[in-house]
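Chain residues, written in single-letter form:
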Amino acid sequence: MNKERAKEIFNSPEMIHVRHEDREIYIEEVIEKNEMARIHPVDQPNVYQEVPLTELKEREQ
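Residues numbered from 1 in each chain as written. Predicted model: local features only at pLDDT ≥ 70, side-chain atom pairs only at ≥ 80, totals over all residues. Heavy atoms only, no water.

## Quick word on the overall build of the protein
Piece 1. A tally of helices and strands in the protein yields one helix and five strands.
Piece 2. Helices (α) and strands (β) of the protein occur, in sequence order from the N terminus, as α-β-β-β-β-β.
Piece 3. Over its C-alpha atoms the protein spans a radius of gyration of 10 Å, differing by no more than 12% from the 10 Å that the globule rule assigns to 61 residues.
Piece 4. Structurally, the protein occupies a C-alpha span of about 30 × 25 × 20 Å along its principal axes.
Piece 5. Buried residues in the protein amount to 33% of all 61 residues.
Piece 6. At a minimum sequence separation of 6, the contacts of the protein that also span at least 24 residues come to 33%.
Piece 7. Carbon and sulfur atoms form 43% of the exposed surface of the protein, whose accessible area is close to 4300 Å².
Piece 8. With 9 positive and 15 negative side-chain charges, the protein shows a spacing of 1 Å between the two charge centroids. (Helix = DSSP H or I, 4+ residues; strand = E, 2+ residues; numbered from the N terminus. Rg over C-alpha atoms; globule rule 2.2 N^0.38 Å. Buried < 20%, exposed > 50% of the residue type's maximum accessible area, 1.4 Å probe, protein only. Contact = heavy atoms within 4.5 Å. Areas by Shrake-Rupley, 256 points an atom, 1.4 Å probe, with all protein chains shown as cover. Lys, Arg positive; Asp, Glu negative; His and termini not counted. Charge placed at Lys NZ, Arg CZ, Asp CG, Glu CD.)

Written out as structure tokens, the structure is:
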């Protein structure tokens, strides 16, 4: 995923489905300086990690 799309998803008032390694996640923060994202699994809101934006995939509707 590119940085601009990640920011659009992060700022969207609607739920946009994003996956990281077969898990549905929320984007908590887009870290522009190193093109990373702080994420957590939808079902584990207290488990955070930072991953490269390129590893995030938007789910097809």
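## Some remarks on the sheet that holds strand β1 (residues 18–20)
Piece 1. Pairing in this open sheet of five strands is antiparallel, and the strands run β4-β3-β2-β1-β5 from one edge to the other. With one partner strand each, in any of the chains shown, β4 (49–52) and β5 (56–58) form the two edges of the open sheet. Sheet twist, expressed as the mean angle between neighbouring strand axes with direction ignored, is 50°.
Piece 2. In the packing of helix α1 (residues 3–11) onto the sheet, the strands contacted are β1, β2 (23–31) and β5, and the crossing angle to β2 comes to about 105°. (Pairing = 2+ DSSP bridges. Axes fitted to C-alpha atoms, helices over the stretch in contact; angles between N-to-C directions.)

## Re the packing of aromatic side chains
Piece 1. Per the counting criterion, the structure on display carries zero aromatic pairs.
Piece 2. Here the basic side chain of R38 rests over the ring of Y48, its NZ or CZ set 4.0 Å away from the ring centre. (Phe/Tyr/Trp six-rings, centres within 6.5 Å; stacked < 30°, edge-to-face > 60°. Lys NZ or Arg CZ within 6 Å of the ring centre and 35° of its normal.)

Geometric descriptors of this kind do not, in isolation, establish any biological role.
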